[in-house]
Amino acid sequence: MNLNKLSPLLQLALIYESYTSIAVFEQITGQNIAEREWLLIIQYYQQLSEISAKIPFTYEEMNDRFAIITIDKNLIGALSDENTIFYVELPRAMQYIAVENSNAVCAPASIYAPQSYNASGKGVLVAVIDSGIDYSHVDFRNKDGSTRILSLWDQSIQGTPPKGHIGGAYFTQEQIDEALRQDTLEKRLEIVPSVDILGHGTAVAGIAAGNGNGSGGQNKGIAPNADLLVVKMKSKGTTLEDFRGPTNADVMRGIAFALSEAGRLNKPLSLLLGVGLNEGAHIGYSNLEVFIDQMTLVWPSNMTVGTGNEANKERHTSGVVQPGQAKDIQIAIEPDQKFYTANLYKNYVDDMSFVIIAPNGEKTDVLEDRINNVAYVFGNTSVLINVSIQPFSARTQELVILLEGYGVDTVDPGIWTIRMIPNQIVDGGYNVWATVTNPILRPTRFLEPDPFTTLTIPSTGFLITSVSTINGRTLQTVNASGRGYTADERVKPDIAAPGLNLIVPQAGTIDKYTSYSGSSIAGAFVCGAYALFIEYGLRVKPESYLYGEALKGLVIKYAKRPMQFGAFPNQAYGYGILCITSVLDALERIYNE
């Protein structure tokens with residue numbers, strides 16, 4: 001077994017399976033550890049048919065470098081020994097990055113004033129990869145009652161999957177129209193049984209591309225005439241507080257599907273992701289971020305994601321270890337916490353040892369940074385520890401700690417300590433990110449938190465547009481909005497946009513609205529804006545319209561930079577605040593020239 005090719009969580013799961021409960025494993029990875037077959041993300045080169053002929057597994061190719069596979073867990077070691085397999089990762093559950101704020105309301109103030117360029121997103125495909133959509137809501141229907149959704153893939157239900165994918169149910173525009181012609185909800189769901197239980201996907205789709213039909217046009221989104229493509233990802237729960245999943249594997253599948261559909265429909269694409277993950281090095285080299293960078297180059301598209309809502313949650317800390325001085329990182333864990341993970345990243349050139357100390361004073365041995373996996377039981381808590389080199393960057397080394405109740409349901413509460421012991425220090429810097437056990441509350445926290453470098457993954461990626469959240473009235477940053485920079489000091493976020501108390505279509509209703517906040521709402525603003533810019537370019541000069549990094553560059557260049565918020569770029573706003581009119585003005589000048 002080549003441990004260097006296996007993600008830390010996968011190593012711990014394989015070696016210490018008996019220490020991990022089925023419930024906790026499912027919350028972290030979205031799958032059942034008791035099952036013989038596990039779903040994995042792999043990075044590879046070579047035809048998968050050749051590898052699977054030697055080591056049996058089923059696979060779903062995302063592109064020519066990434067695939068989602070299902071394999072007998074006893075064969076994972078043999079798979080890692082294959083020269084053409086680069087990396088094998090257990091999926092990680094992600095969180096939706098917006099929150100509902102209020103009860104349903106009808107026709108409140110407009111969130112969008114049409115621009116003077118007659119740009120509405122017509123001819124552009126807006127893809128929303130999220131919790132689904134309420135396709136019955138009139139904001140996603142034309143005046144004649146037909147749907148604006150060209151295709152919908154619900155990964156969470158059984159049916160006919162889209163070509164090239166495994167699982168889920170694929171619905172066409174014609175099937176959705178047939179459902180909409182039914183006179184009851186029950187009959188509609190017999191034809192297209194896809195429901196947005198959470199309402200998150202419906203909300204962000206409304207900001208990006210709702211047409212405001214439920215409010216006489218008052219509450220329309222940014223690109224009201226764009227076509228829609230929707231991916232509902234797998235997840236469990238009914239509220240943001242108890243939701244688990246989707247995983248990064250589900251996100252990758254959704255992106256691959258959206259780009260394939262855009263190619264089939266021959267439409268440029270503005271794609272929105274409404275999820276984030278806290279665990280990772282935050283330098284843009286996670287499997288998901290590398291995959292996104294690759295996929296941005298396969299079709300005319302722009303991808304957007306919010307920076308998350310972690311800045312005030314006290315789930316990040318950082319600092320510098322000085323030569324000859326041990327450094328303690330203290331974590332307060334409240335009662336009733338079922339599990340907890342911390343991911344510490346340091347410079348690989350630094351030689352350190354570690355000691356983990358429980359609230360009752362029990363402690364691990366002095367752990368050298370060359371170890372791979374160890375396990376302890378302190379009180380009623382199992383302590384699993386892994387130290388690994390980041391596979392895509394020789395600059396960082398990762399310490400993963402997984403705490404879980406052992407023989408009981410919860411972790412022992414109190415102050416847990418990570419003691420860093422310097423042996424030979426060259427750089428000394430470190431960052432630690434904790435798992436998001438609850439996206440709203442903060443039942444666990446670092447005693448010395450750092451609100452910066454709190455961007456969630458994949459917003460630390462290179463080519464995706466990362467959006468922080470501001471109050472649209474005052475232009476001030478929302479306290480929770482994930483802040484930059486990345487851990488390798490690249491400027492992120494790229495841009496800021498409104499995301500506080502915005503009026504959105506309410507799932508479960510035909511024409512009502514509700515209020516949402518969060519960075520995925522801000523991301524939806526930018527996603528819709530990209531659709532406007534792409535449409536304008538297509539209309540003015542179809543053979544040379546802008547998209548991708550060139551268009552992102554214009555968005556950054558012509559952002560607003562109010563003096564009262566200091567020098568730009570900065571960690572809260574990135575390069576400034578989205579200004580749709582300024583970008584359209586610039587596009588007019590460019591195309592006239």
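Every value quoted in this text rests on a predicted model; they were computed, and no experiment measured them.

A.B. asks: Explain the overall build of the chain to me, and be specific about the residues and the numbers.
C.D. replies: Within the chain, the regular secondary structure consists of twelve helices and 28 strands. Structurally, the chain occupies a C-alpha span of about 70 × 55 × 45 Å along its principal axes. Of the charged side chains in the chain, 45 are positive and 61 negative; the average position of the first set lies 6 Å away from that of the second.

A.B. asks: I'd like to hear about the sheet that holds strand β7 (residues 125–130), residue by residue, with values.
C.D. replies: Each strand in a sheet pairs with another by means of backbone hydrogen bonds, the pair being arranged parallel or else antiparallel. Pairing is mixed across the open sheet formed by eight strands, whose spatial order is β9-β8-β10-β7-β11-β13-β25-β26. Two strands in the sheet have a free side with no partner beyond their single neighbour: β9 (169–172) and β26 (495–498). Between one strand axis and the next, the sheet turns by 20° as a mean value, whatever way the strands run. Here strand β8 (residues 149–154) runs beside strand β10 (residues 227–232); their pairing, made up of five bridges, is parallel. Residue pairing for β10: Asp154 is matched across the bridge by Lys232. Packed on one face of the sheet, helix α5 (residues 173–180) meets β8 and β9 and runs near 80° to β9.

A.B. asks: Requested: an account of the packing of helix α8 (residues 248–265) against helix α9 (residues 287–295), with residues and values cited.
C.D. replies: Between α8 and α9, whose axes approach to 10 Å, the crossing angle comes to 5°. One element, α8, and the other, α9, form an angle in the roughly parallel class. Taking contact as the criterion, the partners of Asn248, Val251, Met252, Ile255, Ala256 and Leu259 in α8 are, on α9, Leu288, Phe291, Ile292 and Met295. The residue inventory of the contact of α8 with α9, partitioned by class, reads nine nonpolar, one polar and no charged.

A.B. asks: Tell me about the packing of helix α10 (residues 519–540) against helix α12 (residues 580–592), and name the residues and values.
C.D. replies: The interhelical angle for the contact between α10 and α12, taken along N-to-C directions, is 20°, at an axis separation of 11 Å. Comparing the axis directions of α10 and α12 gives the class roughly parallel. The interaxial crossing formed by α10 with α12 has right-handed handedness. Here α10 contributes Ala529, Leu532, Phe533, Tyr536, Gly537 and Val540 to the contact with α12, which in turn contributes Ile580, Val583, Leu584, Leu587, Glu588 and Tyr591. Classifying every residue of the contact of α10 with α12 gives ten nonpolar, one polar and one charged.

A.B. asks: Got a sec to walk through the pairing of strand β25 (residues 465–470)? Specific residues and values, please.
C.D. replies: Of all six residues in β25, six are buried; the element is thus mostly enclosed. Of the two faces of β25, the one holding Thr465, Val467 and Thr469 and the one holding Ser466, Ser468 and Ile470 are both buried throughout. As paired elements, strand β13 (residues 301–306) and β25 share three bridges and run parallel to each other. Looking at the pairing, Gly306 lines up with Val467 of β25. In the sheet, β25 pairs with β26 via four bridges, with the strands oriented parallel. If you follow Ser468 over to β26, its bridge partner there is Ala496.

Cut-off values and rules
- Residues numbered from 1 in each chain as written.
- Predicted model: local features only at pLDDT ≥ 70, side-chain atom pairs only at ≥ 80, totals over all residues.
- Heavy atoms only, no water.
- Helix = DSSP H or I, 4+ residues; strand = E, 2+ residues; numbered from the N terminus.
- Lys, Arg positive; Asp, Glu negative; His and termini not counted.
- Charge placed at Lys NZ, Arg CZ, Asp CG, Glu CD.
- Pairing = 2+ DSSP bridges.
- Axes fitted to C-alpha atoms, helices over the stretch in contact; angles between N-to-C directions.
- Contact = heavy atoms within 4.5 Å.
- Parallel < 35°, antiparallel > 145°, perpendicular 65-115°, else oblique.
- Nonpolar A, V, L, I, M, F, W, Y, C, P; charged D, E, K, R; others polar.
- Left-handed = near helix turned anticlockwise from the far one by under 90°.
- Buried < 20%, exposed > 50% of the residue type's maximum accessible area, 1.4 Å probe, protein only.

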